Amino acid sequence: KIFFIICITIISQSLSFVSKAQDNIVDEIIWVVGDEAILKSDVEKFRIELERSRETVDGDPYCRIPEELAVQKLFLNQAKLDSIEVSDSQINQYVDRMINARIGQFGSRERMEQIYEKPLEEIRDEWRESTRQGQIVNEMQKKIVGNIKLTPGDVRKFYSKLPQDSLPFIPTTVEVQIITIEPKISVAETERIKGRLREFTDQVNKGEREFSTLARLWSEDESSKVGGELGFKGKGEFVPEFSAVAFALNEPKKVSKIVETEYGYHIIQLIEKRGDRANFRHILLKPKVSESELKEASLRLDSIATEIRAGKFSFEEAATYISYDKDTRNNKGLMVNTEERSNNYGTSRFEMQELPSDIAKVVYNMKPGEISAPFTYMTLKQKQVVAVVKLTSRIEGHKANVADDYQILKVLLEEKKREEILNKWIAQKQKEVYIRINENWKNCDFKRDGWVK
C-alpha cells in the first residue's frame, strides 16, 4: 500500500535505537533516487524493527523496503521542487506527542534515555528530521491528489461494479441517545480531597517528599506512571482552568494552588518552559461518589425515564434540558462516534465495540425505541455518572449496500481514487527522475514496474 511509506517514517522516528549490531554492518549505497541515497543500513534497520513489532511485509523485505523508501524519495524530491515545507510548531507538536507516548511506555524519561542510549534532546533532534520528512510527504500527497469530488451517482456506480463476493461486510451498528446525571459530591468529601492536596504541597515545600514520588503514589491520572509528568504542551491542549494556573507558574519546583477542573482537583508543578509550550507535573485526586448519592441520582433519572415513556415529554427534550453531558446535550442526546480509525467516525453510528463498554452491555439486548433503566458508568474523563440510554436504531450486520452504507462506500471510493492518482503520479516520476539501483539489489520481484531501466 501507498501508506507503507508512512509506516516506515513512523518506525524511523520512533525507534532509531533499533540495534547496536548495525554499527558492525559494512554500509553501502544500494539505491539513488534523484539526489537522495538509500543505504543498506537503512533497510536493515527497518527490517529488524518490523520483525520486532511482528509486522509482516508482502514479499521479500530486502526488495519491498527499499522500494517503498524509493517511493518516499520521489515525493521528497518533488516537494523540494515545489518548495513544500511544514511549520516547526507542527513538527514539534508531533515529536512531543511521540516522546510523551514513549515516556509513558517506558515509565520515565531516564528509562527512555537508557534504552535509546542517548539524551532526550539528541533523540528529539533525530526525530524532528524524520518527522519533517514524513509530514512533507503527506503534504506532497495532498497536493497531488487535490480535492476528490464525488457525486451520489459516482458512489452508486462504484457499488454496482463491485463483485458480490468483494462487498465489504458491515458489522451490526447502532445509534444511541443518552441522558446523564452527575451525583452530587458532599462538602465533606471535597474538603477531604483538598486537605490531602494541601498535605502534599506542604511535604514538597518542606523538602520531605519529591512531587514526582507523591504523584506516583497518589495521583489518579494515567500520568502517575511517570511521576505526574505531562510532556511539552501548549495552552490549548489543557482545559482552561488547568491552563490558566499552570502557565502562570514561572518557578520550577514551586507548587500551584489547588485547581478544580471537570476531572477533579489538581496541584501542579512547572518542570520547564520552552517558548509557548511547557512541561508540567500534576497530582489529580477525584472526589468519591457515595452509594447514597448514586442512589439518589438513579431515582431521579428513573422518574425522568418513566415520564418519557408516559409521553409527558420526549427523550430529546429531556436530553437538551436535563442531561449533564455537554457533548451530547446540544445534539438532543445523540452520541457521535469519535473513534478516528472507525469507518463511522463523525457519524452517529457505532459498532458495539466502539461504544463505552458499560453502555454497550446495556444496549446489546435492547430493541429500537426502548429506553433503559438507570445504570452507572465511567465517562472518558473517568467521572462516575448515572445514565439512561435510548436505542434509536439498530442495523444488523450485512453486506454493504448504498441505502444503509453510503458514507462507508464513499470513503472506499475516495481511497480508491486517491491510490489511483498517486500510483499514476509515481509511474510518471519513475520515468523522469534519475534512479540507480546497485546491481546486487536489482534481482527483485518489485511491486511496481519501472524501477529497472
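## A short note on the overall build of the protein
Point 1. The helix and strand inventory of the protein stands at 15 helices and 13 strands.
Point 2. Principal axes of the C-alpha set define a box for the protein whose edges measure 75 × 65 × 35 Å.
Point 3. The long-range fraction of contacts in the protein, counting pairs at least 24 apart against all pairs at least 6 apart in sequence, stands at 66%.
Point 4. With an accessible surface of roughly 24500 Å², the protein has 49% of that area assigned to carbon and sulfur atoms.
Point 5. Here the protein holds 72 positive side-chain charges and 74 negative ones, and the gap between their average locations is 2 Å.

## Here we look at unusual backbone geometry
Point 1. One non-glycine residue, K253, adopts positive backbone phi at about 85 degrees.
Point 2. Within the secondary structure, K253 sits in the loop between α10 (240-246) and β6 (259-261).
Point 3. The class for K253 is exposed, based on a relative accessible area of 52%.
Point 4. Phi at K332 takes a positive value of approximately 55 degrees, unusual for a residue other than glycine.
Point 5. Inspection of the secondary structure assignment puts K332 in the loop between α13 (326-329) and β9 (350-351).

## What to know about the side chain of E354
Point 1. Within the secondary structure, E354 sits in the loop between β9 and α14 (357-363).
Point 2. One buried charged residue, E354, forms no salt bridge at all, with the nearest opposite charge on R349 at 8.6 Å.
Point 3. Residues in contact with E354, not counting those within four places in the same chain, are N337, S342, N344 and R349.

## Concerning the nonpolar core
Point 1. Membership of the largest hydrophobic core comes to 43 residues, with the highest contact counts inside it found for W31, F75, M112, W127 and W451.
Point 2. For this core, the elements supplying multiple residues, two or more each, are β1 (29-33), α2 (40-52), α3 (61-81), α4 (88-106), α5 (109-116), α6 (120-145), α15 (402-432) and β13 (435-437).
Point 3. Apart from residues no more than four positions distant in its own chain, W31 is found in contact with E36, A37, I38, P66, E67, A70, I435, R436, I437, F446 and W451.
Point 4. Counting 17 residues, the second-largest nonpolar core is a separate cluster that includes V176, M352, L355 and F375.

## Quick word on the pairing of strand β10 (residues 375-378)
Point 1. Side chains F375 and Y377 of β10 all project onto a buried face; the interleaved residues T376 and M378 project onto a face where none is buried.
Point 2. The sheet contact formed by β10 and strand β11 (residues 384-395) spans four bridges and is antiparallel. By the bridge assignment, T376 is partnered in β11 with V386.
Point 3. Between β10 and β11, which follow one another and run antiparallel, lie five residues, and Q382 among them has a positive phi close to 60 degrees.

## A look at the confidence of the model for the protein
Point 1. Per-chain confidence: the protein averages 87 in pLDDT, with 94% of residues scoring 70 or above.
Point 2. In this model, residues 1-25 is a region of pLDDT below 50 whose contacts with residues beyond four sequence positions or in other chains number 67 contacts.

## A look at the sheet that holds β11
Point 1. The strand order across the open sheet built from four strands is β9-β4-β11-β10, with neighbouring strands paired in antiparallel fashion. The open sheet has two edge strands, β9 and β10, and neither has a second partner.
Point 2. Pairing between strand β4 (residues 173-181) and β11: nine bridges, direction antiparallel. When the sheet's bridge partners are listed, I178 is paired in β11 with V389.

## Observations concerning the packing of α3 against α15
Point 1. Contact pair α3 / α15: the axes reach a minimum separation of 11 Å and the direction vectors enclose 80 degrees. Between α3 and α15, the angle is such that the two are roughly perpendicular. Across the interface between the two elements, V71, L74, F75 and Q78 from α3 touch L422, W425, I426, K429 and Q430 from α15.
Point 2. Taken together, the residues of the contact of α3 with α15 sort by class into six nonpolar, two polar and one charged.

## Notes on the pattern of salt bridges
Point 1. Counted under the stated rule, the structure contains 27 salt bridges.
Point 2. Linking E129 and R132 is a salt bridge whose minimum nitrogen-to-oxygen distance equals 2.8 Å. With E129 and R132 both in helix α6, this residue pair falls three residues apart, about one helical turn.
Point 3. Owing to a relative accessible area of 26%, R132 belongs among the partly exposed residues under this scheme.
Point 4. In this structure, E396 and R394 form a salt bridge, with 3.9 Å as the shortest nitrogen-oxygen distance.
Point 5. Owing to a relative accessible area of 47%, E396 belongs among the partly exposed residues under this scheme.
Point 6. Three or more residues are tied together by salt bridges with common partners; here these are D35, E36, K73 and K80.

The rules behind these values
- Residues numbered from 1 in each chain as written.
- Predicted model: local features only at pLDDT ≥ 70, side-chain atom pairs only at ≥ 80, totals over all residues.
- Heavy atoms only, no water.
- Helix = DSSP H or I, 4+ residues; strand = E, 2+ residues; numbered from the N terminus.
- Contact = heavy atoms within 4.5 Å.
- Areas by Shrake-Rupley, 256 points an atom, 1.4 Å probe, with all protein chains shown as cover.
- Lys, Arg positive; Asp, Glu negative; His and termini not counted.
- Charge placed at Lys NZ, Arg CZ, Asp CG, Glu CD.
- Buried < 20%, exposed > 50% of the residue type's maximum accessible area, 1.4 Å probe, protein only.
- Salt bridge = Lys/Arg side-chain N within 4 Å of Asp/Glu carboxyl O.
- Core = buried A, V, L, I, M, F, W, Y, C linked by side-chain atoms within 4.5 Å.
- Pairing = 2+ DSSP bridges.
- pLDDT = per-residue confidence, 0-100.
- Axes fitted to C-alpha atoms, helices over the stretch in contact; angles between N-to-C directions.
- Parallel < 35°, antiparallel > 145°, perpendicular 65-115°, else oblique.
- Nonpolar A, V, L, I, M, F, W, Y, C, P; charged D, E, K, R; others polar.

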